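Fold and contact review
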2 protein chains.
Amino acid sequence: MASPSPAQVQRSPTQVPPRPTYIGDFSFAHRHPFVLDGGGSLSRVNLRYAIYGTPNAARDNVVLVCHALSGSAEVHDWWPQLFENLLPLDRYCVLGVNILGSCYGSTGPSQVDPSTGEPFGATFPLISVRDIVRAQALLMDSLGIARLRVAMGGSIGGMQALQWAIEYPDRVGRAIAVGAAPLGAMGLALNHLQRQMIELDPMWQGGTYTDHKPGRGLSLARALATCSYKSTELFDERYGRRANRTGLSPLTNAAGRFDVAGYLDYQGSRFLERFDANSYLCITRTMDNYDPAVTYGSEQVAYGRIRAKIGLVGISSDWLFPEKDVRGMAGAMQRAGADCEYREQTSAHGHDAFLAEWPALEKILSPWIA
Amino acid sequence: MASPSPAQVQRSPTQVPPRPTYIGDFSFAHRHPFVLDGGGSLSRVNLRYAIYGTPNAARDNVVLVCHALSGSAEVHDWWPQLFENLLPLDRYCVLGVNILGSCYGSTGPSQVDPSTGEPFGATFPLISVRDIVRAQALLMDSLGIARLRVAMGGSIGGMQALQWAIEYPDRVGRAIAVGAAPLGAMGLALNHLQRQMIELDPMWQGGTYTDHKPGRGLSLARALATCSYKSTELFDERYGRRANRTGLSPLTNAAGRFDVAGYLDYQGSRFLERFDANSYLCITRTMDNYDPAVTYGSEQVAYGRIRAKIGLVGISSDWLFPEKDVRGMAGAMQRAGADCEYREQTSAHGHDAFLAEWPALEKILSPWIA
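Residues numbered from 1 in each chain as written. Chains lettered and ligands numbered in written order. Predicted model: local features only at pLDDT ≥ 70, side-chain atom pairs only at ≥ 80, totals over all residues. Heavy atoms only, no water.

Thoughts on the overall build of chain A
When helices and strands are counted, chain A shows 14 helices and 10 strands. Over its C-alpha atoms, taken along the principal directions, chain A stretches across nearly 65 × 55 × 50 Å. Relative to its 370 residues, chain A shows a buried fraction of 63%. Nonlocal contacts in chain A, meaning residues at least 24 apart in sequence, comprise 72% of its contacts between residues at least 6 apart. Per element, the accessible surface of chain A, about 14,100 Å² overall, is 49% carbon and sulfur. Averaging the positions of the 34 positive and the 35 negative side-chain charges in chain A gives two centres separated by 3 Å. (Helix = DSSP H or I, 4+ residues; strand = E, 2+ residues; numbered from the N terminus. Buried < 20%, exposed > 50% of the residue type's maximum accessible area, 1.4 Å probe, protein only. Contact = heavy atoms within 4.5 Å. Areas by Shrake-Rupley, 256 points an atom, 1.4 Å probe, with all protein chains shown as cover. Lys, Arg positive; Asp, Glu negative; His and termini not counted. Charge placed at Lys NZ, Arg CZ, Asp CG, Glu CD.)

So, in structure tokens, the structure goes:
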């Protein structure tokens, strides 16, 4: 049976999301290496990308959907609702690109360093959001896409979208970021602790692990991240003080768990099967270092470059990227002369609301896309 | 030079707090073991306690000040301001008791199990807040203190104070708890993760460590706890996105740290010098399991037992024990007929406000003591 066409898919929200029209790899090796903001360089860069639908003749219908920490180029895997009403593929062409430093096809710590023949591991250089976006721009060049209609994303995906607007003022018409701003001190703290958990795992081996992966450390880091992606309110509603549904009672056994602990352990164990610990270290550092005011000298200079229309969404219960930080960034952009609109998404889901409460977010985003 | 008398001390807030009048150990070994709520038992129990000032002839001036997770019997070490105006030692006698499970003199995991001749380690049984308070009551008996004027504390210290009022309705006149309530799901989650960090440390050795302690795991647990004791607002104000004052820049070096990371590492490293990892596991479980509704069958039954006047304080920015949870408990106590007053302490300091913003808290507590 043939796959449904994208146009068919978007008619019914209950249908499975579209598969990519094309999944490919774009590699570039400069005569000079790809020099990174952190001072390192890569002699060869690969980007895994996925295209949904097709660019139109004018190539002005391309929407770049940027993924968050653990996402991939395959947008339909992690933001499937996007295709239903917001970005129907008979009107838009959606592009996903796995970011530098990740472990889903693009150049990252688990890939082989051409200069040594061994995986980069912990020697993989620091990557900035600007590096990620500069590499994406080279991919756009190769695809003949001079200008993005929209760049959008949540979390570090939102950082990329904004970076497009700052770095390439003439190459993007609209940038949308949800739950994204330079990380505050609490976010920096939690990322720091997550990295230390991975490094505490004896299997990490200074980042040189191969077959025996630092699964416990990575799982624990993911569990803490999950706390920061959710909210106290949501956890209370979902898990409260209930004991875990299976196993020993925490009241009578030290190995017993409350329900929320069982949930976090499960989230952690699922994650270690699909993600690389060194990539996790790399990308959390990338998140930490995102700060246009530092990259360009000041907020005024950074945000003064913007020509795209900007849409920012802060999530009311977001603890990792507090709503007030996103709102503060919107104010700074407006003061710098950018055409920036700010909206708050009211949700108990915390940072994850951009994935978990799509209908509410879609209502906010729709006017910005149309 | 002689130490200043307590009366001299309390006149000037800038003077050093009083030393205890007496520090002692109270041991009891029942013919039958001390049976614990979690199902275990202890054949012999020791409690380290400290007395400040002296009981009056009627023995009705004794205030039990209950410590939090990492505190000790020596109240002047961790709540020195208490003696200045709230509890002048010419009027009150202050008693501190190190809790069961701790590592400051009372029976806990680092002490020798008489039945094996080896430290308890991870075999130390589960301890409930009710167990802690029942042991304290035996100490009161031995001191001839039939009734406490006040039992008070913050965090797990507040849980003990409330437990006194519930378990011994006729033995306490007033119970005060600051930043304390049955832990919500987020608090349970964070404690669970902290325990896993300790257990991830290869030095933990299933809890059988001796000389080589699981310092990295304990340090990391303390660092996460520190995040939960503070607030996003406070961290932003104190550390923001500044790089650590010494060392490498996080922008150009993977080993670089932001200021908040340097602070947390320091807090963690100080802690591992003074606290025992198995005690940390034990006491966080004790916190988790505190839930009078479960212990007594229902909130109505538990809080219906109370005859003491109750004062509860919720801290506006407390993330570990959200203000609304403390307020909710106050409502449940009132519905059960208890004489319970609730006050909110407005502070950006998070859970730690009960230690960090004393003057504001003193204003709330004063009318309850006088």
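Some points on the environment of A:R91
Residues and elements named next belong to chain A. Its location among the elements puts R91 in the loop between helix 2 (75-78) and strand 6 (93-97). Along the sequence, R91 and S219 sit 128 residues apart, while their C-alpha atoms lie 40 Å from each other. Looking at R91, its side chain comes within polar contact range of the side chain of Y92, at 3.4 Å. (Polar contact = N/O pair within 3.5 Å; in protein donor to acceptor, adjacent residues only side chain to side chain.)

Points about empty space enclosed by the protein
Tallied over the entire structure, the rule returns 4 cavities of 30 Å³ or more. Along the walls of the largest cavity sit 13 residues, with A:R195, A:D288, B:P250, B:G256 and B:F258 positioned nearest its centre. At the level of secondary structure, the elements contributing two or more residues to the lining of the largest cavity comprise helix 5 (185-200) and helix 9 (277-289) of chain A. In the lining of the largest cavity, the residues fall into 5 nonpolar, 4 polar and 4 charged. (1 Å grid on protein atoms, 1.4 Å probe; cavity = no way out; pocket = protein on both sides within 12 Å on 5 of 7 lines; lining within 4 Å. Points joined across faces, edges and corners; volume = space filled by probe spheres on them. Nonpolar A, V, L, I, M, F, W, Y, C, P; charged D, E, K, R; others polar.)

Structural notes on the interface of chain A and chain B
When the parts of a complex come together, some accessible area is lost, and that lost area is often used as the size of the interface. With 52 residues of chain A at the contact, the number on the chain B side is 52 residues. Put simply, chain A and chain B have 4 salt bridges between them. With a closest N to O distance of 3.7 Å, B:D236 and A:K324 form a salt bridge. For the interface between chain A and chain B, the tally reads 22 residue pairs in polar contact (both at pLDDT 80 or more). For the side of chain A that touches chain B, the secondary-structure elements that each account for two or more residues are helix 5, helix 6 (215-229), helix 7 (232-238), helix 8 (259-272), helix 9 and helix 12 (323-335) of chain A. Per element, the largest residue contribution to the side of chain A that touches chain B is 11 residues, and it comes from helix 5 of chain A. Counted by class, the side of chain A that touches chain B contains 29 nonpolar, 11 polar and 12 charged residues. (Salt bridge = Lys/Arg side-chain N within 4 Å of Asp/Glu carboxyl O.)

What to know about helix 6 of chain A
The terminal C-alpha atoms of helix 6 of chain A, which comprises 15 residues, lie 20 Å apart, in line with the 21 Å expected from a rise of 1.5 Å per residue. Counting buried positions along helix 6 of chain A gives 14 out of 15 residues, so the element sits mostly inside the fold. (Expected span 1.5 Å × (residues − 1).)

Some details on the packing of helix 3 (residues 129-143) of chain B against helix 4 (residues 156-167) of chain B
All names here are of chain B. It is at 9 Å that the axes of helix 3 and helix 4 come closest, and there the two elements cross at 65°. Classified by the angle between their axes, helix 3 and helix 4 sit roughly perpendicular to one another. Note that helix 3 runs across helix 4; the crossing there is right-handed. Side by side, helix 3 and helix 4 meet where V129, R130, I132, V133, R134, Q136, A137 and M140 of the first sit next to I156, M159, Q160, Q163, W164 and E167 of the second. Within the contact of helix 3 with helix 4, the residues separate by chemical class into 8 nonpolar, 3 polar and 3 charged. (Axes fitted to C-alpha atoms, helices over the stretch in contact; angles between N-to-C directions. Parallel < 35°, antiparallel > 145°, perpendicular 65-115°, else oblique. Left-handed = near helix turned anticlockwise from the far one by under 90°.)

So, the confidence of the model for chain A
Taken as a whole, chain A shows an average pLDDT of 94; of its residues, 96% reach a score of 70 or greater. Overall fold confidence (pTM) sits at 0.94, and the ipTM for the predicted complex is 0.94. (pLDDT = per-residue confidence, 0-100.)

Concerning the relation of the copies chain A and chain B
Each copy of the sequence occupies a distinct position, and chain A is placed on chain B by a rotation of 180° and an axial shift of 0.0 Å, giving an RMSD of 0.0 Å. Considering both components of the superposition, the chain copies are consistent with a two-fold axis. When the interface residues of chain A are mapped onto chain B, 100% of them are again interface residues, pointing to one common binding face. (Least-squares fit on C-alpha atoms with pLDDT ≥ 70 in both.)

Some remarks on the sheet that holds strand 1 (residues 22-28) of chain B
All names here are of chain B. Spatially, the 8 strands line up as an open sheet ordered 1-4-6-5-7-8-9-10, and their pairing is mixed. Pairing within the sheet leaves two strands with one partner each, and these edge strands are strand 1 and strand 10 (340-345). When strand polarity is set aside, the average angle formed by the axes of neighbouring strands in this sheet is 20°. Here strand 4 (residues 45-52) runs beside strand 6 (residues 93-97); their pairing, made up of 4 bridges, is antiparallel. Directly across from Y49, in strand 6, lies its bridge partner V97. Against the sheet, helix 3 touches strand 1, strand 4, strand 5 (62-66), strand 6 and strand 7 (148-154), its axis set at about 110° to strand 1. (Pairing = 2+ DSSP bridges.)

Section: the pattern of salt bridges
The tally for this structure, following the rule as stated, stands at 32 salt bridges over all chains. Across the pair B:D288 and B:R195 runs a salt bridge whose closest N-O atoms are separated by 2.9 Å. Of this pair, B:D288 sits in helix 9 (residues 277-289) while B:R195 sits in helix 5 (residues 185-200); the two residues are 93 residues apart in sequence, bridging distant segments of the chain. Accessibility expressed as a relative area gives 3% for B:D288, which makes it buried. Linked through salt bridges whose partners overlap, the residues forming this network are A:D37, A:R130 and A:E167.

Things to note about the packing of aromatic side chains
Scanning the model with the defined rule gives 33 aromatic pairs over all chains in all. For the pair A:F271 and A:Y280, a centre-to-centre distance of 5.8 Å together with 80° between the ring planes defines the contact as edge-to-face. For A:F271, a relative accessible area of 1% puts it in the buried group. Looking at A:Y280, the relative accessible area reads 0%, which means it is buried. Seen from their ring centres, B:F275 and B:Y280 are 6.4 Å apart, and the 90° between their planes marks the pair as edge-to-face. (Phe/Tyr/Trp six-rings, centres within 6.5 Å; stacked < 30°, edge-to-face > 60°.)

A closer look at the pairing of strand 8 (residues 172-178) of chain B
Residues and elements named next belong to chain B. For strand 8, a buried count of 6 out of 7 residues is recorded, marking the element as mostly surrounded by other parts of the structure. With helix 4 bridging strand 7 and the parallel strand 8, this β-α-β connection has right-handed handedness. Both strand 8 and strand 9 (residues 309-315) contribute to a ladder of 5 bridges, which runs parallel. Residue A175 lies in a different strand from strand 9, and its bridge partner there is I310. (Right-handed = clockwise from strand over helix to strand, strands pointing away.)

Describing the nonpolar core
Nonpolar side chains in soluble globular proteins tend to be buried together. Counting residues in hydrophobic clusters, the biggest one holds 259 residues, and the most contacted among them are A:M152, A:L312, A:L365, B:M152 and B:L312. Once you skip the residues sitting within four places of it in the chain, B:L312 turns out to touch B:L162, B:A177, B:V326, B:M329, B:A330, B:M333, B:C340, B:E341, B:Y342, B:R343 and B:W368. (Core = buried A, V, L, I, M, F, W, Y, C linked by side-chain atoms within 4.5 Å.)

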